[in-house]
Amino acid sequence: MGVKAVKIKFTNKPKEFWSNVKRIDPNGEEEAEEIFGEAEPQYMELDGVISREKGNVSIVFDNGPLLGMRESKLIFSFNEASPNSVIMVKTAMGNGAYVFDDKQRRQICSFNMGPFPLEFIVCTEDILNTVTYERGGTLSVDYTVEINGVPADGSKMTLKVEHIRH
């Protein structure tokens with residue numbers, strides 16, 4: 001098994017979700033109003049490790065500073081033979097797993113929140129993974145999370161993995 005230290009440039013741009021709300025003006029008339037929430041993109045440069053064992057590559061880094069909490073890791077794993085099928089595991093207040101795949105774009109995933117696990121669908125809109133153990137590279141994922149068929153979350157996420165030279 002090989003392990004190397006890496007520098008990770010992590011970008012996360014949450015998607016905008018539109019919703020229609022009805023409000024009643026002071027005269028009692030209904031008005032439809034479209035609102036949306038736009039989250040700011042998140043950029044961080046983090047230290048991590050990349051490892052390879054039997055053709056499986058994993059990238060691990062602490063994303064606690066991004067979330068403002070301790071003991072929070074992101075783990076991205078894939079097989080070298082199919083780099084555009086990536087599993088992302090989040091460890092923070094429970095464990096969650098997301099599957100991003102360019103062939104089977106809709107995946108049932110889960111987040112363990114104690115006695116109440118949450119199941120949801122991850123829809124991979126686009127994925128491009130050029131990361132190799134030897135050279136590093138870029139992993140870009142555009143995805144949406146659906147709960148009961150309704151888009152609830154989503155992001156365009158990019159990891160640039162660069163080897164640290166000693």
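Above this text sits the structure in question.
Residues numbered from 1 in each chain as written. Predicted model: local features only at pLDDT ≥ 70, side-chain atom pairs only at ≥ 80, totals over all residues. Heavy atoms only, no water.

Caption draft 1: The arrangement of the packing of aromatic side chains in detail. Summed over all chains, the structure comprises 6 aromatic pairs. Between Tyr98 and Phe100, the aromatic rings sit 6.3 Å apart at their centres with planes inclined by 35 degrees, giving tilted as the arrangement. By relative accessible area, Tyr98 is classed as buried at 7%. Geometrically, the ring pair formed by Tyr98 and Phe120 is tilted, given 5.2 Å between the ring centres and 55 degrees between the ring planes. Of this pair, Tyr98 sits in strand β8 (residues 95-101) while Phe120 sits in strand β10 (residues 118-129); the two residues are 22 residues apart in sequence, bridging distant segments of the chain. Classification of Phe120 as buried rests on a relative accessible area of 6%. Clustering of aromatic rings is evident, with ring pairs tying together Tyr98, Phe100, Phe120 and Tyr143. Between the NZ or CZ atom of Lys4 and the centre of the ring of Tyr133, over which it lies, the distance is 4.5 Å. (Phe/Tyr/Trp six-rings, centres within 6.5 Å; stacked < 30°, edge-to-face > 60°. Buried < 20%, exposed > 50% of the residue type's maximum accessible area, 1.4 Å probe, protein only. Helix = DSSP H or I, 4+ residues; strand = E, 2+ residues; numbered from the N terminus. Lys NZ or Arg CZ within 6 Å of the ring centre and 35° of its normal.)

Caption draft 2: Quick peek at the nonpolar core. Ranked by internal contacts, the top residues of the largest apolar core, which has 29 residues, are Ile59, Phe61, Phe76, Phe100, Met157 and Leu159. Per-element accounting of this core gives the leading share, 4 residues, to strand β11 (residues 137-147). The residues touching Ile59, leaving out its near neighbours within four places in the chain, are Ile8, Val49, Ile50, Leu74, Ile75, Phe76, Phe78, Val131, Leu159 and Val161. (Core = buried A, V, L, I, M, F, W, Y, C linked by side-chain atoms within 4.5 Å. Contact = heavy atoms within 4.5 Å.)

Caption draft 3: Structural context of the pairing of strand β4 (residues 42-53). Bridge analysis of strand β1 (residues 2-14) against β4 gives 11 bridges, and the strand direction is antiparallel. Looking at the pairing, Lys4 lines up with Ile50 of β4. As paired strands, β4 and strand β5 (residues 56-62) are joined by 6 bridges and run antiparallel to one another. Its bridge partner being in β5, Ser51 is matched across the sheet by Ser58. If you look at the hairpin formed by β4 and β5, you'll find 2 residues sitting between the two strands, and Lys54 has a positive phi there, around 50 degrees. (Pairing = 2+ DSSP bridges.)

Caption draft 4: Structural view of the side chain of Ser155. Tracing the chain through its elements places Ser155 in strand β12 (residues 150-163). Each residue touching Ser155, except ones within four places of it in the same chain, is listed here: Asn12, Lys13, Pro14, Lys15, Val141, Asp142 and Tyr143.

Caption draft 5: The arrangement of the sheet that holds β4 in detail. Pairing in this closed barrel of 10 strands is antiparallel, and the strands run β1-β4-β5-β6-β7-β8-β9-β10-β11-β12 around the ring. Going from strand to strand, the sheet's axes swing by 25 degrees on average, the running direction of each strand aside. Relative to strand β9 (residues 106-111), β8 runs antiparallel, the two sharing 2 bridges. From the neighbouring strand, Ala97 faces β9, where its bridge partner is Ser110. (Axes fitted to C-alpha atoms, helices over the stretch in contact; angles between N-to-C directions.)

Caption draft 6: Looking closely at a nonpolar patch on the surface. A cluster of nonpolar side chains, namely Met1, Val3 and Val49, defines an oily patch on the protein surface of about 310 Å² accessible area. Residue position: Met1 is located in the segment before β1. Taking the relative accessible area as the measure of exposure, Met1 reaches 71% and is therefore exposed. (Patch = residues over 30% accessible without salt bridge, like charges linked within 9 Å, V, L, I, M, F, W, Y side chains within 5 Å. Areas by Shrake-Rupley, 256 points an atom, 1.4 Å probe, with all protein chains shown as cover. Salt bridge = Lys/Arg side-chain N within 4 Å of Asp/Glu carboxyl O.)

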